[in-house]
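Chain by chain, the residues:
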Amino acid sequence: MMTQNIFRGLGIALVTPFKTDGSVDYEALARLVDYQLDNGADFLCILATTGETPCLTKEEKGRIKKQIVEQVNGRVPILMGCGGNYTAAVVEELKNGDFLGIDGVLSVCPYYNKPSQEGLYRHFKAIAEATSLPVVLYNVPGRTGILMKAETTCRLAHDCDNIVAIKEASGSLELVDEIIKHKPANFDVISGDDALTYPMVASGAVGVISVIGNALPKEFSRMIRLEFNNEYEAARKIHHKFTDLYSLLFVDGNPAGVKALLHEMGFIENVLRLPLVPTRVTTVQKMSEILKGLKL
(Lines give C-alpha, C1' and ligand atoms only; values in the text may rest on other atoms or scores of the structure.)
Protein backbone atom coordinates (compact mmCIF):
# COMPACT_ATOMS: atom_id res chain seq x y z
CA MET A 1 0.00 0.00 0.00
CA MET A 2 1.33 3.40 -0.97
CA THR A 3 2.06 5.87 1.85
CA GLN A 4 0.63 9.38 1.52
CA ASN A 5 2.72 12.44 2.36
CA ILE A 6 1.46 14.35 5.41
CA PHE A 7 4.22 16.95 5.34
CA ARG A 8 2.55 19.83 3.55
CA GLY A 9 2.24 23.58 4.06
CA LEU A 10 4.67 25.33 6.40
CA GLY A 11 7.27 23.05 7.95
CA ILE A 12 9.79 24.53 10.38
CA ALA A 13 13.44 23.48 10.25
CA LEU A 14 13.72 23.93 14.01
CA VAL A 15 16.85 25.50 15.51
CA THR A 16 18.46 24.19 18.71
CA PRO A 17 18.78 27.05 21.23
CA PHE A 18 21.90 27.11 23.41
CA LYS A 19 22.61 28.94 26.67
CA THR A 20 25.59 31.27 26.97
CA ASP A 21 27.58 28.38 28.50
CA GLY A 22 26.94 26.31 25.36
CA SER A 23 24.47 23.83 26.84
CA VAL A 24 21.09 23.16 25.20
CA ASP A 25 18.44 25.64 26.36
CA TYR A 26 15.45 23.32 26.73
CA GLU A 27 13.20 26.08 28.12
CA ALA A 28 13.84 28.30 25.08
CA LEU A 29 13.20 25.28 22.85
CA ALA A 30 9.79 24.76 24.50
CA ARG A 31 8.92 28.45 23.95
CA LEU A 32 9.93 28.20 20.30
CA VAL A 33 7.79 25.11 19.71
CA ASP A 34 4.78 26.85 21.29
CA TYR A 35 5.43 29.89 19.10
CA GLN A 36 5.40 27.72 15.95
CA LEU A 37 2.23 25.87 16.94
CA ASP A 38 0.44 29.11 17.79
CA ASN A 39 1.39 30.83 14.53
CA GLY A 40 0.57 28.53 11.64
CA ALA A 41 3.23 25.81 11.47
CA ASP A 42 1.81 22.72 9.76
CA PHE A 43 4.65 20.39 10.78
CA LEU A 44 8.03 20.47 12.50
CA CYS A 45 11.33 19.20 11.12
CA ILE A 46 13.63 18.39 14.03
CA LEU A 47 17.25 17.31 14.43
CA ALA A 48 18.27 18.29 10.92
CA THR A 49 20.84 20.75 9.53
CA THR A 50 19.31 23.93 10.96
CA GLY A 51 19.22 22.23 14.37
CA GLU A 52 23.05 21.89 14.31
CA THR A 53 22.55 18.15 14.74
CA PRO A 54 26.16 17.17 13.88
CA CYS A 55 27.20 19.15 16.98
CA LEU A 56 24.75 17.50 19.39
CA THR A 57 25.52 14.48 21.57
CA LYS A 58 23.43 11.33 21.40
CA GLU A 59 21.96 12.17 24.82
CA GLU A 60 21.04 15.71 23.76
CA LYS A 61 19.36 14.47 20.58
CA GLY A 62 17.35 11.94 22.57
CA ARG A 63 16.18 14.53 25.09
CA ILE A 64 15.30 17.09 22.38
CA LYS A 65 13.28 14.50 20.48
CA LYS A 66 11.44 13.31 23.61
CA GLN A 67 10.64 16.86 24.77
CA ILE A 68 9.26 17.96 21.40
CA VAL A 69 7.18 14.79 20.90
CA GLU A 70 5.61 15.21 24.33
CA GLN A 71 5.02 18.93 23.85
CA VAL A 72 3.49 18.62 20.37
CA ASN A 73 1.34 15.70 21.56
CA GLY A 74 0.12 14.84 18.06
CA ARG A 75 -1.05 18.35 17.15
CA VAL A 76 1.15 18.47 14.03
CA PRO A 77 3.31 15.86 12.29
CA ILE A 78 6.99 15.62 13.24
CA LEU A 79 9.67 14.90 10.65
CA MET A 80 13.05 13.89 12.09
CA GLY A 81 16.44 13.96 10.43
CA CYS A 82 18.03 10.54 9.93
CA GLY A 83 20.74 10.40 7.32
CA GLY A 84 24.44 10.03 6.71
CA ASN A 85 27.12 8.97 4.27
CA TYR A 86 27.46 5.37 5.51
CA THR A 87 24.37 3.50 4.36
CA ALA A 88 24.69 0.61 6.81
CA ALA A 89 24.86 3.00 9.79
CA VAL A 90 21.69 4.83 8.70
CA VAL A 91 19.90 1.50 8.20
CA GLU A 92 21.04 0.38 11.67
CA GLU A 93 19.73 3.58 13.25
CA LEU A 94 16.37 3.22 11.49
CA LYS A 95 16.01 -0.37 12.67
CA ASN A 96 17.09 0.15 16.28
CA GLY A 97 16.66 3.88 17.06
CA ASP A 98 13.88 5.55 19.02
CA PHE A 99 11.23 6.83 16.61
CA LEU A 100 8.29 6.77 19.00
CA GLY A 101 6.04 9.73 18.20
CA ILE A 102 7.88 10.50 14.95
CA ASP A 103 5.78 10.66 11.78
CA GLY A 104 8.50 10.48 9.16
CA VAL A 105 12.25 10.74 8.52
CA LEU A 106 14.19 13.28 6.47
CA SER A 107 17.25 11.69 4.89
CA VAL A 108 19.95 13.76 3.23
CA CYS A 109 22.00 12.70 0.21
CA PRO A 110 25.27 11.09 1.33
CA TYR A 111 27.83 13.88 1.73
CA TYR A 112 31.55 13.92 0.97
CA ASN A 113 31.65 10.43 -0.64
CA LYS A 114 30.12 11.83 -3.88
CA PRO A 115 28.31 8.63 -5.00
CA SER A 116 27.01 8.06 -8.52
CA GLN A 117 23.29 8.30 -9.30
CA GLU A 118 23.10 4.51 -8.99
CA GLY A 119 24.80 4.76 -5.60
CA LEU A 120 22.24 7.36 -4.49
CA TYR A 121 19.40 5.13 -5.69
CA ARG A 122 20.68 2.07 -3.80
CA HIS A 123 21.40 4.14 -0.65
CA PHE A 124 17.85 5.51 -0.43
CA LYS A 125 16.27 2.20 -1.46
CA ALA A 126 18.06 0.52 1.47
CA ILE A 127 16.83 3.28 3.80
CA ALA A 128 13.24 2.92 2.60
CA GLU A 129 13.39 -0.84 3.14
CA ALA A 130 14.74 -0.39 6.69
CA THR A 131 11.69 1.50 8.01
CA SER A 132 7.93 1.55 7.78
CA LEU A 133 7.93 5.31 8.34
CA PRO A 134 7.43 7.74 5.46
CA VAL A 135 10.77 8.90 4.05
CA VAL A 136 11.42 12.41 2.72
CA LEU A 137 14.54 12.67 0.57
CA TYR A 138 16.75 15.75 0.94
CA ASN A 139 18.66 17.07 -2.06
CA VAL A 140 21.06 19.86 -1.03
CA PRO A 141 24.18 19.78 -3.22
CA GLY A 142 25.54 22.98 -1.67
CA ARG A 143 26.14 21.00 1.52
CA THR A 144 26.68 17.45 0.28
CA GLY A 145 28.78 17.99 -2.84
CA ILE A 146 26.44 15.79 -4.93
CA LEU A 147 23.32 16.61 -6.94
CA MET A 148 20.58 14.01 -7.12
CA LYS A 149 19.09 14.23 -10.60
CA ALA A 150 15.35 14.39 -11.25
CA GLU A 151 15.54 10.99 -12.95
CA THR A 152 16.94 9.35 -9.78
CA THR A 153 14.38 11.06 -7.54
CA CYS A 154 11.49 9.90 -9.72
CA ARG A 155 12.92 6.38 -9.95
CA LEU A 156 12.95 6.16 -6.15
CA ALA A 157 9.45 7.66 -5.95
CA HIS A 158 8.12 5.02 -8.34
CA ASP A 159 9.99 2.07 -6.80
CA CYS A 160 9.62 2.71 -3.05
CA ASP A 161 6.11 3.09 -1.65
CA ASN A 162 7.20 4.82 1.56
CA ILE A 163 9.39 7.43 -0.13
CA VAL A 164 6.72 10.12 -0.11
CA ALA A 165 8.46 13.43 -0.90
CA ILE A 166 11.68 15.29 -1.50
CA LYS A 167 12.97 18.42 0.18
CA GLU A 168 14.48 20.15 -2.85
CA ALA A 169 17.25 22.62 -2.07
CA SER A 170 19.25 22.35 -5.28
CA GLY A 171 18.34 25.92 -6.24
CA SER A 172 17.25 24.72 -9.68
CA LEU A 173 13.66 25.47 -10.67
CA GLU A 174 14.30 23.49 -13.86
CA LEU A 175 15.12 20.37 -11.83
CA VAL A 176 12.03 20.93 -9.65
CA ASP A 177 9.89 21.19 -12.76
CA GLU A 178 11.34 17.93 -14.12
CA ILE A 179 10.49 16.09 -10.90
CA ILE A 180 6.95 17.47 -10.81
CA LYS A 181 6.47 16.53 -14.46
CA HIS A 182 7.56 12.90 -14.07
CA LYS A 183 6.77 11.99 -10.44
CA PRO A 184 3.96 9.60 -9.40
CA ALA A 185 0.77 11.19 -8.09
CA ASN A 186 1.44 10.18 -4.46
CA PHE A 187 4.90 11.82 -4.34
CA ASP A 188 5.39 15.48 -3.36
CA VAL A 189 8.02 18.15 -3.77
CA ILE A 190 8.75 20.37 -0.75
CA SER A 191 10.83 23.54 -1.03
CA GLY A 192 14.07 23.49 0.93
CA ASP A 193 14.89 27.09 0.07
CA ASP A 194 12.90 29.97 1.58
CA ALA A 195 13.75 32.32 -1.29
CA LEU A 196 12.40 29.88 -3.90
CA THR A 197 9.28 28.81 -2.02
CA TYR A 198 6.98 31.22 -3.83
CA PRO A 199 7.92 30.05 -7.37
CA MET A 200 8.18 26.41 -6.31
CA VAL A 201 4.66 26.33 -4.81
CA ALA A 202 3.41 28.12 -7.91
CA SER A 203 4.99 25.28 -9.95
CA GLY A 204 3.36 22.52 -7.89
CA ALA A 205 5.38 22.10 -4.68
CA VAL A 206 3.23 21.38 -1.61
CA GLY A 207 5.03 23.58 0.90
CA VAL A 208 8.40 24.33 2.49
CA ILE A 209 10.72 23.19 5.24
CA SER A 210 11.62 26.69 6.30
CA VAL A 211 14.43 28.44 8.14
CA ILE A 212 12.85 31.90 8.22
CA GLY A 213 9.70 30.28 9.60
CA ASN A 214 11.50 29.90 12.96
CA ALA A 215 11.15 33.65 13.36
CA LEU A 216 8.21 34.57 11.12
CA PRO A 217 5.87 31.56 10.89
CA LYS A 218 2.61 33.53 10.75
CA GLU A 219 3.65 35.63 7.76
CA PHE A 220 5.35 32.83 5.85
CA SER A 221 2.46 30.40 6.33
CA ARG A 222 0.06 33.09 5.10
CA MET A 223 2.04 33.37 1.86
CA ILE A 224 1.81 29.63 1.26
CA ARG A 225 -1.91 29.48 2.07
CA LEU A 226 -2.61 32.33 -0.34
CA GLU A 227 -0.84 30.39 -3.08
CA PHE A 228 -2.84 27.27 -2.27
CA ASN A 229 -5.96 29.42 -2.81
CA ASN A 230 -4.60 30.70 -6.15
CA GLU A 231 -4.22 34.22 -4.70
CA TYR A 232 -0.79 34.68 -6.25
CA GLU A 233 -0.71 38.48 -6.32
CA ALA A 234 -1.27 38.76 -2.55
CA ALA A 235 1.24 35.96 -1.93
CA ARG A 236 3.84 37.63 -4.13
CA LYS A 237 3.61 40.83 -2.07
CA ILE A 238 4.52 38.88 1.08
CA HIS A 239 7.34 37.10 -0.79
CA HIS A 240 8.81 40.43 -1.92
CA LYS A 241 8.67 41.81 1.65
CA PHE A 242 11.14 39.13 2.66
CA THR A 243 13.48 39.17 -0.37
CA ASP A 244 16.31 41.05 1.38
CA LEU A 245 15.89 39.03 4.56
CA TYR A 246 16.23 35.72 2.69
CA SER A 247 19.79 36.50 1.59
CA LEU A 248 20.85 38.06 4.90
CA LEU A 249 19.79 34.94 6.79
CA PHE A 250 22.29 32.82 4.86
CA VAL A 251 25.14 35.24 4.11
CA ASP A 252 27.11 34.03 7.16
CA GLY A 253 25.81 30.47 7.07
CA ASN A 254 22.80 28.66 8.50
CA PRO A 255 21.55 28.78 11.24
CA ALA A 256 23.71 31.79 12.21
CA GLY A 257 21.36 34.22 10.49
CA VAL A 258 18.08 32.96 11.90
CA LYS A 259 19.56 32.56 15.38
CA ALA A 260 20.61 36.22 15.30
CA LEU A 261 17.10 37.15 14.15
CA LEU A 262 15.50 35.10 16.94
CA HIS A 263 17.85 36.75 19.43
CA GLU A 264 16.79 40.19 18.18
CA MET A 265 13.18 39.09 18.76
CA GLY A 266 13.98 37.99 22.33
CA PHE A 267 13.50 34.23 21.88
CA ILE A 268 16.98 32.76 22.30
CA GLU A 269 20.62 33.53 23.07
CA ASN A 270 22.72 34.14 19.98
CA VAL A 271 24.92 31.09 20.57
CA LEU A 272 26.11 28.41 18.12
CA ARG A 273 28.50 25.50 18.49
CA LEU A 274 31.84 25.46 16.72
CA PRO A 275 32.70 25.25 13.91
CA LEU A 276 29.72 27.62 13.45
CA VAL A 277 29.94 31.15 14.84
CA PRO A 278 27.40 33.99 15.18
CA THR A 279 26.65 36.15 12.16
CA ARG A 280 28.48 39.48 11.76
CA VAL A 281 27.25 42.57 13.61
CA THR A 282 26.68 44.40 10.32
CA THR A 283 24.39 41.60 9.11
CA VAL A 284 22.44 41.69 12.38
CA GLN A 285 22.00 45.46 12.04
CA LYS A 286 20.64 45.09 8.51
CA MET A 287 18.21 42.34 9.60
CA SER A 288 17.06 44.44 12.54
CA GLU A 289 16.32 47.40 10.23
CA ILE A 290 14.29 45.17 7.89
CA LEU A 291 12.38 43.70 10.84
CA LYS A 292 11.44 47.20 12.04
CA GLY A 293 10.38 48.15 8.53
CA LEU A 294 8.10 45.12 8.27
CA LYS A 295 6.18 46.34 11.35
CA LEU A 296 5.15 42.82 12.31
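The residue count restarts for each chain, going from 1 along the sequence in the order it is written. Totals for whole chains, interfaces and linings use all residues, but because this is a predicted model, local features are given only for residues with pLDDT of at least 70 and pairs of side-chain atoms are given and counted only at 80 or more. Think of the side-chain values as coming from all heavy atoms in the structure, minus any hydrogens and water.

**A look at the overall build of the protein**
In DSSP terms, a helix is any run of H or I states spanning at least four residues, a strand is any run of E spanning at least two, and both are numbered starting from the N terminus. Per the secondary structure count, the protein includes 13 helices and 8 strands. Only the C-alpha atoms count toward the radius of gyration. The rule for a globule is 2.2 Å times the residue count to the power 0.38. Taken over C-alpha atoms, the radius of gyration comes to 18 Å for the protein, in line with the 19 Å a tight globule of 296 residues would show. Principal axes of the C-alpha set define a box for the protein whose edges measure 50 × 45 × 35 Å. Within the protein, the proportion of its 296 residues that are buried is 56%. Contacts are assigned to residue pairs with any non-hydrogen atoms lying within 4.5 Å of each other. Sequence-distant contacts, at least 24 apart, represent 72% of the contacts inside the protein between residues at least 6 apart. Residue exposure (1.4 Å probe, protein chains only): buried if accessible area is under 20% of the type maximum, exposed if over 50%, otherwise partly exposed.

**With respect to the pairing of strand S3 (residues 78-81)**
Side-chain alternation along S3 places Ile78 and Met80 on one buried face and Leu79 and Gly81 on a second face that is also buried. For two strands to pair, DSSP has to find at least two bridges joining them. Pairing analysis gives 3 bridges linking strand S2 (residues 43-46) to S3, with the strands arranged parallel. Bridge pairing links Ile46 to Met80 in S3. This β-α-β element, S2 to helix H2 (residues 58-72) to S3, shows right-handed connectivity. Sheet analysis places S3 next to strand S4 (residues 104-108), joined by 3 bridges and oriented parallel. By the bridge assignment, Met80 is partnered in S4 with Val105. In this fold, the crossover linking S3 to S4 by way of helix H3 (residues 87-96) has right-handed handedness. When the strands point away from the viewer, a crossover counts as right-handed if the route from the first strand across the helix to the second turns clockwise.

**Observations regarding the environment of Ser247**
Among the structural elements, Ser247 can be located in helix H11 (residues 243-250). Note on Ser247: relative accessible area 47%, which makes it partly exposed. Here the alpha-carbon distance between Ser247 and Gly101, two residues 146 residues apart in the chain, equals 34 Å.

**Comments concerning the nonpolar core**
Counting residues in hydrophobic clusters, the biggest one holds 89 residues, and the most contacted among them are Leu44, Ile46, Ile68, Ile163, Phe220, Phe242 and Leu245. Take this core: its biggest share by element is 7 residues, from helix H1 (residues 26-38). Beyond its immediate stretch of four places on either side in the chain, Leu245 contacts Ile212, Leu216, Leu261, Met287, Ile290 and Leu294. Residues grouped as a nonpolar core are buried Ala, Val, Leu, Ile, Met, Phe, Trp, Tyr and Cys residues, joined through side-chain atoms within 4.5 Å. Residues Ala13, Leu106, Val140 and Ala169 belong to the second largest nonpolar core, which totals 17 residues.

**Considering the pairing of strand S1 (residues 9-13)**
Looking along a regular strand, one sees side chains alternate from face to face of the sheet. Of all 5 residues in S1, 5 are buried, a share of seventy percent or more. Of the pairings in the sheet, the one linking S1 to strand S8 (residues 207-210) comprises 4 bridges and is parallel in character. Residue pairing for S8: Ile12 is matched across the bridge by Ser210. The pairing of S1 with S2 spans 3 bridges and is classified as parallel. Bridge assignment links Gly11 to a residue of S2, and that residue is Phe43. Crossover handedness for the path S1 to H1 to S2: right-handed.

**Digging into the state of the cysteines**
Such a bond, covalent and formed between the sulfur atoms of two cysteines, is termed a disulfide. Pairs of cysteine sulfur atoms within 2.5 Å are what we label disulfides. Following the criterion strictly, the structure yields 0 disulfides and no others. Its sulfur unpaired, Cys55 is 17 Å from the next cysteine sulfur, which belongs to Cys45. You can see Cys109 has no disulfide; the closest cysteine sulfur is in Cys154, sitting 14 Å from it.

**What about the pattern of salt bridges?**
Note on pairing: side chains with opposite charge can pair once their charged atoms come close. Any Lys or Arg side-chain nitrogen found within 4 Å of a carboxyl oxygen on Asp or Glu counts as a salt bridge. Taken as a whole and judged by the stated rule, the model has 11 salt bridges. For Glu60, the salt bridge goes to Arg273, with nearest N and O atoms at 2.8 Å. Here Glu60, found in helix H2, pairs with Arg273, found in the loop between helix H12 (256-264) and helix H13 (281-294); they are 213 residues apart in sequence, far enough to count as distant. Between Asp252 and Arg280 there is a salt bridge whose closest N-O contact spans 2.8 Å. With a gap of 28 residues between them, Asp252 in the loop between H11 and H12 and Arg280 in the loop between H12 and H13 connect regions that are remote in the sequence. Linked through salt bridges whose partners overlap, the residues forming this network are Glu118, Arg122 and Arg155.

**Things to note about H2**
Expected helix span is given by 1.5 Å per residue-to-residue step, counting one fewer step than there are residues. Taking 1.5 Å of rise per residue, the 15 residues of H2 would be expected to cover 21 Å, and the 21 Å separating its terminal C-alpha atoms lies within 8% of that figure. Along H2, the positions that sit buried rather than exposed are Glu60, Ile64, Lys65, Gln67, Ile68, Val69, Gln71 and Val72. In this structure, the buried side of H2 is in contact with H1, S2 and S3. Looking one or two places after H2, you find Asn73, whose phi comes out positive at around 50°.

**Digging into the side chain of Thr197**
Looking at the secondary structure, you find Thr197 in helix H8 (residues 197-203). Classification of Thr197 as buried rests on a relative accessible area of 0%. When near neighbours in sequence (up to four residues on either side) are disregarded, Thr197 contacts Ser191, Val208, Phe220, Met223, Ile224 and Glu227.

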